[in-house]
Structures are given as C-alpha cells and as structure tokens.
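If you want the building blocks of each chain, they are given just below.
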Amino acid sequence: MLRYLNQSSRGRSAWLLMALTAFALELVALWFQHVMLLKPCVLCIYERCALFGIMGAGLVGAIAPKSPLRYIAIFIWIYSAFRGLQLAWEHTMIQLHPSPFMTCDFMARFPSWLPLDKWLPQVFVASGDCSVRQWEFLSLEMPQWLVGIFAAYLIVALLVLIAQPFKPKRRDLFGR
C-alpha cells in the first residue's frame, strides 16, 4: 500500500482528485450559504479556509509531482487538514456543549496582508452563531461531518508522507 501511495503521489491525477474533492466541498458550503440560506459562523469560515488550503495543496502537488515541490504540497496538506480538524472539533464542542462563556468571534480575523473578507465577502464574511445548529444529516451536524472529512484528509496525508521513502516497483517487460 505504501508503494502505491508513493506512486500515486508522483502523478498528477491523485493531486487533482484531492483538489477536486476540496473544491466540491467548497461548492457544497456555498450552496448551503446562498441557496439554502444557512448563515456561516466564524468557525465555518475558518474551516472553509482549511479546505482552500487542501485544494491549494492539491494544485501545488499537481504542478510538479515528481519534484521536491511534492513535499511542500504534502506539508501544506497536513497543516491544512490538521487545522481544519482542530477547528471542526472546536465547532462541534461548541454545538454539543453550548456555554455563554465559550463562544466564537463575531467576525473572522484575517491578516492585513490577506483580507479575504474584503476581497471576497460572498465567501468569507461570517453572519451566523457558532452554537446554532442549522443542518443535520444522519443525526450528525455539519461540524461533526467535517471532523470526519478532515480526519480522513489528515490520515491519508500522513500515510502519503510515510510512503515517500518507499520507491515504486519497477516493472520490466516480463513482470519480474
């Protein structure tokens, strides 16, 4: 399996598939916001940023998958998945155990050199409350689903990192 993951990380299709899955999740989030009229909270916006990081890692990895740039993409992937998992877990705890002392901010705080909420307010402006449960599927709230999604991204990313020293099998004409 590790050889297969190494081989897959050296091709564009796996990286593009990862970017496509993150992009699909972003489209679902925008569907919830603009069509179903659910209000994203600050943690939702930060979780979106983590998904954009995973999508960016997929695009970076697809640029030159056989070069050392692949390692940069893997580290962006691990960091984004880890931060997304942390945020989704915090969001889940706020929803499952509401407290007047544990709330989220009113607005997302982006660095001055990257004011995403000013550049793309349709995507990055928060208008909801983190403790409000707005959507449920199979008895799980949206942040609970994101815990599973980010955990899956993180586990696969760590396996791909572990697989990097394993060289893919060379196959000759007679399959030895």
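Preceding this paragraph is the structure being described.
As the structure is a computational prediction, the values presented were derived from the model and not from experiment.

A. Region of the structure containing the nonpolar core. Membership of the largest hydrophobic core comes to 25 residues, with the highest contact counts inside it found for Trp15, Met18, Ala22, Ile54, Trp77, Phe150 and Tyr153. Among the secondary structure elements, those contributing two or more residues to this core are helix H2 (12-34), helix H3 (42-63), helix H4 (69-96) and helix H7 (142-163). A total of eight residues in this core trace back to one element, the largest contributor, which is H7. Look past the residues within four positions of Phe150 in its chain and what remains in contact with it is Glu47, Ala50, Leu51, Ile54, Ser80, Ala81, Gly84, Leu85 and Ala88. Membership of the second largest hydrophobic core comes to 15 residues, among which are Leu43, Cys44, Ile45 and Leu116.

B. Representation of the packing of aromatic side chains. This structure, assessed with the given rule, holds one aromatic pair. Ring geometry for Trp15 and Trp77: centres 5.7 Å apart, planes at 70°, overall edge-to-face. Of this pair, Trp15 sits in helix H2 while Trp77 sits in helix H4; the two residues are 62 residues apart in sequence, bridging distant segments of the chain. When its relative accessible area of 2% is taken as the criterion, Trp15 is described as buried.

C. Geometry of the environment of Gln144. Relative to the helices and strands, Gln144 is located in helix H7. Put simply, Gln144 and Trp89 are 55 residues apart on the chain and 7.4 Å apart in space, counted from C-alpha to C-alpha. Excluding its chain neighbours within four sequence positions, the residues that come into contact with Gln144 are Thr92, Leu96 and Ser139.

D. Spotlight on a nonpolar patch on the surface. A surface patch of nonpolar side chains, amounting to about 390 Å² of accessible area, comprises Leu17, Leu20, Phe23 and Leu27. Residue placement: Leu27 occurs in helix H2. The exposure class assigned to Leu27 is partly exposed, which follows from its relative accessible area of 45%.

Cut-off values and rules
- Residues numbered from 1 in each chain as written.
- Predicted model: local features only at pLDDT ≥ 70, side-chain atom pairs only at ≥ 80, totals over all residues.
- Heavy atoms only, no water.
- Core = buried A, V, L, I, M, F, W, Y, C linked by side-chain atoms within 4.5 Å.
- Buried < 20%, exposed > 50% of the residue type's maximum accessible area, 1.4 Å probe, protein only.
- Helix = DSSP H or I, 4+ residues; strand = E, 2+ residues; numbered from the N terminus.
- Contact = heavy atoms within 4.5 Å.
- Phe/Tyr/Trp six-rings, centres within 6.5 Å; stacked < 30°, edge-to-face > 60°.
- Patch = residues over 30% accessible without salt bridge, like charges linked within 9 Å, V, L, I, M, F, W, Y side chains within 5 Å.
- Areas by Shrake-Rupley, 256 points an atom, 1.4 Å probe, with all protein chains shown as cover.
- Salt bridge = Lys/Arg side-chain N within 4 Å of Asp/Glu carboxyl O.

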